[in-house]
Amino acid sequence: GLGEGFASILNEDNNRAFNIALSIEKDEDAHQTLELRSFCRQFLPSNLPDKYYEFVKGNIIREELYSFFPEEALVAKNEAWKTTLGLEDENLIDQKIIHSLEGNKKWILIGGPPCQAYSIVGRARKKRKEGLDENDLRIYLYREYYRILAFHSPPFFVMENVKGLLSSRLNDQLIFKQILYDLGNPSEAYQILRGKKGIKTNCPGYKIYSLIKKPNGFDLDNNPNFNPKDFIIKAEEYGIPQTRHRIILLGIRKDLNGIEPEILSSQDPIELVKVISGLPRLRAGLSKIKDNKLNWKNTFNDLLKNGYLKNCDEPTK
């Protein structure tokens, strides 16, 4: 989602303001999505090849699609990397990042630790109202994030997560406070984590901002002060037709003096019907029998006769 958002921004010349240099994902399905989206971004949005739509329709498989466009497919496969942070060799990760950046110093690290570990719903299912399972390795993956900050020192970073992160506790301590400190001081955090004082990085640290609130003030080191809830963005209040509440942190490297972000302007809610009204009407698919018009009509009529559907007209087509 973050990648799509950044890639969709156009500059004054109507070109992409951001290019995705490298994405890292361990889940096979998510990785395939990242790879396919990278493939698509190499074409103009209004000029995707016909073979792409043949793939979407299921008439050809992914590798057949890629075989028609080998150069674009190679770029996509190099950009979307399937591996597991925390298990993959750190030197290989660093080499991949350096190679992908091609010497560019103006870049942004975007992403976030797996949200399932902090999700309020997920904790409720496991009957853990606030405390996290210390054996769940996902809660520690933000350390891989600040390790990259410490060693590669991007000018900016954006981290996103569920709002349940604010109430998550590990060993009776709020983990969000620790995450904020570690992200603001990634070199120190990494050295403490590894116990290797000899490790030297050039990262000066980060000031962490909210995208919707101005700082309440600044501490003695000129770091902005915020209340934890200041980082929660309610998407429906900012032009998104969906009730989705997320924590988003913006980090600005401390040596970039004089840079302070503008905050987002709230908007009136957008009705979902305004977004989907132009889409073609779709019917539900059938999974247990062959999905064709006759079987779908018979299934629909059975549902009507048995009282499962109300206020519905019988299908005519």
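Computed from a predicted structure; not experimentally measured. (Residues numbered from 1 in each chain as written. Predicted model: local features only at pLDDT ≥ 70, side-chain atom pairs only at ≥ 80, totals over all residues. Heavy atoms only, no water.)

**Student:** Which residues make up the overall build of the chain, and what values do they have?
**Tutor:** Along the chain, the regular secondary structure elements total 12 helices and 11 strands. A total of 317 residues make up the chain; the buried ones form 36% of that total. (Helix = DSSP H or I, 4+ residues; strand = E, 2+ residues; numbered from the N terminus. Buried < 20%, exposed > 50% of the residue type's maximum accessible area, 1.4 Å probe, protein only.)

**Student:** I'd like a rundown of helix H10 (residues 186-194), residues and numbers included.
**Tutor:** Looking only at H10, the buried set comprises Pro186, Ser187, Ala189 and Tyr190. Seen from one end, H10 has its buried residues packed into an arc of 165°, which puts them on one side. Residues of H10 that are buried make contact with helix H6 (90-101), helix H8 (142-152), helix H9 (175-184) and strand E7 (206-209). Positive phi appears at glycine 195, one or two residues downstream of H10, with a value of about 65°. (Arc of directions from axis to C-beta. Contact = heavy atoms within 4.5 Å.)

**Student:** Tell me about the pairing of strand E4 (residues 156-162), residues and numbers included.
**Tutor:** For E4, a buried count of five out of seven residues is recorded, marking the element as mostly surrounded by other parts of the structure. Bridge count for strand E3 (residues 108-111) against E4 is four bridges, and the pairing is parallel. The partner of isoleucine 108 across the bridge, within E4, is phenylalanine 156. As defined by bridge partners, E4 adjoins strand E11 (residues 245-253) across seven bridges and the pair is classed as antiparallel. In the strand pairing of E11, phenylalanine 157 is matched with glycine 251. (Pairing = 2+ DSSP bridges.)

**Student:** Break down the pattern of salt bridges for me, citing the residues and quoting the values.
**Tutor:** What the rule picks out here adds up to 12 salt bridges. Salt-bridge contacts for aspartate 94 lead to arginine 147; the nearest nitrogen and oxygen are separated by 2.7 Å. Of the two residues, aspartate 94 sits in helix H6 while arginine 147 sits in helix H8, which places them 53 residues apart along the sequence. Exposure class is identical for aspartate 94 and arginine 147. Each is buried. Here aspartate 291 and arginine 283 are joined by a salt bridge, their closest N and O atoms 2.9 Å apart. A residue is classified by how much of its surface remains accessible, and arginine 283, at 36% relative accessible area, is partly exposed. (Salt bridge = Lys/Arg side-chain N within 4 Å of Asp/Glu carboxyl O.)

**Student:** Before we move on, could you go through the packing of H6 against H8 and cite the residues and values that matter?
**Tutor:** Two numbers describe a pair of packed helices, the interaxial angle and the distance between the axes. Two elements in contact, H6 and H8, have axes separated by 12 Å at closest approach and are oriented at 60°. The pairing of H6 with H8 is recorded here as oblique in orientation. The way H6 lies across H8 gives a crossing that is right-handed. Residue-level inspection shows Glu90, Ile93, Asp94, Ile97 and Ile98 of H6 in contact with H8, the latter providing Arg147, Ile148 and His152. Grouping the amino acids of the contact of H6 with H8 by side-chain chemistry returns four nonpolar, one polar and three charged. (Axes fitted to C-alpha atoms, helices over the stretch in contact; angles between N-to-C directions. Parallel < 35°, antiparallel > 145°, perpendicular 65-115°, else oblique. Left-handed = near helix turned anticlockwise from the far one by under 90°. Nonpolar A, V, L, I, M, F, W, Y, C, P; charged D, E, K, R; others polar.)

**Student:** Pulling in residues and values, what's your account of the confidence of the model for the chain?
**Tutor:** Caution is warranted with low-pLDDT regions, since their predicted coordinates should not be read in detail. The predicted model of the chain averages 87 in pLDDT, with 88% of residues at 70 or higher. Segment residues 130-138 is flagged for pLDDT under 50; beyond a separation of four residues in sequence, or across chains, it makes 28 contacts in the model. (pLDDT = per-residue confidence, 0-100.)

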